[in-house]
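Listed below are the residues making up each chain.
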Amino acid sequence: MGKTSRVVVCGMAGVGKTAVLEQLIYGNITPSTELYPTIEDIYVASVETERGTREKMRLYDTAGLPPLSGPNAGGSTQQQQQQQQLAKQLLGLTEGYVLVYDPARPESFECLLPLKRDIDKNRDKKEVAVVVLANRMRTTANTSGSGNSAPAPANLTASATLQKANNWTLREHMKHFEVNAMERASLLEPFVYLATKLSPPPNKSTFPQLSMVRKSISNRPDAAS
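The shown structure was predicted, so the numbers you read here are calculated from the model rather than taken from an experiment.

S.K.: Looking at this model, I keep getting lost on the packing of helix H1 (residues 17-25) against helix H7 (residues 185-198). Mind explaining?
M.R.: Two numbers describe a pair of packed helices, the interaxial angle and the distance between the axes. Packing of H1 against H7 leaves a shortest axis separation of 10 Å and a crossing angle of 95°. One finds that H1 runs roughly perpendicular with respect to H7. Residues Val-20, Leu-21, Gln-23 and Leu-24 of H1 pack against Leu-187, Leu-188 and Phe-191 of H7. A breakdown of the residues in the contact of H1 with H7 according to their chemical character gives six nonpolar, one polar and no charged.

This is the structure we're talking about:
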């Protein structure tokens, strides 16, 4: 475990970015846990890859973005565009991104579209690893007073948003995971995948091939002259 990879966690305000990180690293989040809006915070995690090695990640929990539409949308278009852009120093130094949305809130998915374009624009031609998390924290919500399932309209909205997200991530060649910040086990797969992408296996040494070339040259009849 050598270098530390920098990973930015971003998305609309209130989609559970901090809850995902707190649950992943500490496992201390419950439905009654009180979380406050994040300005910026940093977590450090050591995650095992699919190859059995460990990758150290510095996770930047960023402030939530405002919705692009609806009653809580930001002010002018210019203000929204400014707020949608991640800090330039993070964009230039980051190896990975975790984009989080709540499928029960379609506007939170719409926030990710310009965000991904901004990442592509500022990654300076280097490869970056991006995963998208559909954080289904609201699946246990219920307004009817009975049972544990979400109301039918909410389920329909979430299903439609998930389908849009699936189509988008396929086009953009990104991995899409459904998680629940209340269930730590659901968070392991996406972060193991991300750690694996951030630590590709080293290339095989070319020294043996070079040695063979030198040997073949030395064995040529004219080599002794």
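S.K.: Help me understand the layout of surface pockets in this model?
M.R.: Empty space among the atoms can be located by rolling a probe the size of a water molecule over them. Here the largest pocket is characterised by a volume of approximately 380 Å³. Looking at the lining of the largest pocket, the elements with two or more residues in it are helix H5 (112-122), strand E5 (129-135) and H7. Sorting elements by how many residues they give to the lining of the largest pocket places H7 first, with three residues. Of the residues assigned to the lining of the largest pocket, the class counts are seven nonpolar, one polar and nine charged.

S.K.: Honestly, H1 in this entry has me stumped. Any pointers?
M.R.: Owing to its 3.6 residues per turn, the α-helix aligns residues three or four sequence positions apart on the same side. Extensive coverage of H1 is indicated by the burial of eight of its nine residues. Buried within H1 we find Lys-17, Thr-18, Ala-19, Val-20, Leu-21, Glu-22, Gln-23 and Leu-24. Once H1 finishes, Gly-27 follows within two positions and takes phi at roughly 65°, a positive value.

S.K.: Hey, could you run me through H5 in this one?
M.R.: For H5, the set of buried residues is Leu-112, Pro-114, Leu-115, Lys-116, Asp-118 and Ile-119. Taken from the residues just after H5, Asp-124 is the one with a positive phi, measuring 55°.

S.K.: How should I be thinking about the nonpolar core in this particular structure?
M.R.: What tends to happen in soluble globular proteins is that the nonpolar side chains get buried as a cluster. Grouped together as the largest cluster of nonpolar side chains are 28 residues, with contacts concentrated most on Val-7, Met-57, Leu-59, Val-98, Leu-133, Phe-191 and Leu-194. Of all the elements in the fold, those that place two or more residues in this core are strand E1 (4-11), H1, strand E2 (40-48), strand E3 (54-62), strand E4 (96-101), E5, strand E6 (175-179) and H7. It is H7 that provides the largest number of residues to this core, a total of five residues. If sequence neighbours within four positions are ignored, Val-7 has contacts with Met-57, Arg-58, Leu-59, Tyr-60, Thr-94, Gly-96, Tyr-97, Val-98, Leu-194 and Leu-198. By size, the runner-up hydrophobic cluster in this structure holds 19 residues, among which are Tyr-97, Ala-134, Ala-165 and Met-174.

S.K.: Any chance you could explain the pairing of E2 here in plain terms?
M.R.: Across a regular strand the side chains alternate sides, sitting on one face of the sheet and then on the other. Relative to E3, E2 runs antiparallel, the two sharing nine bridges. Residue Asp-41 lies in a different strand from E3, and its bridge partner there is Asp-61. Here E2 folds back onto E3, and the loop between the two strands holds five residues, one of which, Gly-52, carries a positive phi near 90°.

Definitions and limits used
- Residues numbered from 1 in each chain as written.
- Predicted model: local features only at pLDDT ≥ 70, side-chain atom pairs only at ≥ 80, totals over all residues.
- Heavy atoms only, no water.
- Axes fitted to C-alpha atoms, helices over the stretch in contact; angles between N-to-C directions.
- Helix = DSSP H or I, 4+ residues; strand = E, 2+ residues; numbered from the N terminus.
- Parallel < 35°, antiparallel > 145°, perpendicular 65-115°, else oblique.
- Contact = heavy atoms within 4.5 Å.
- Nonpolar A, V, L, I, M, F, W, Y, C, P; charged D, E, K, R; others polar.
- 1 Å grid on protein atoms, 1.4 Å probe; cavity = no way out; pocket = protein on both sides within 12 Å on 5 of 7 lines; lining within 4 Å.
- Points joined across faces, edges and corners; volume = space filled by probe spheres on them.
- Buried < 20%, exposed > 50% of the residue type's maximum accessible area, 1.4 Å probe, protein only.
- Core = buried A, V, L, I, M, F, W, Y, C linked by side-chain atoms within 4.5 Å.
- Pairing = 2+ DSSP bridges.

Nothing here speaks to function; it is all geometry.
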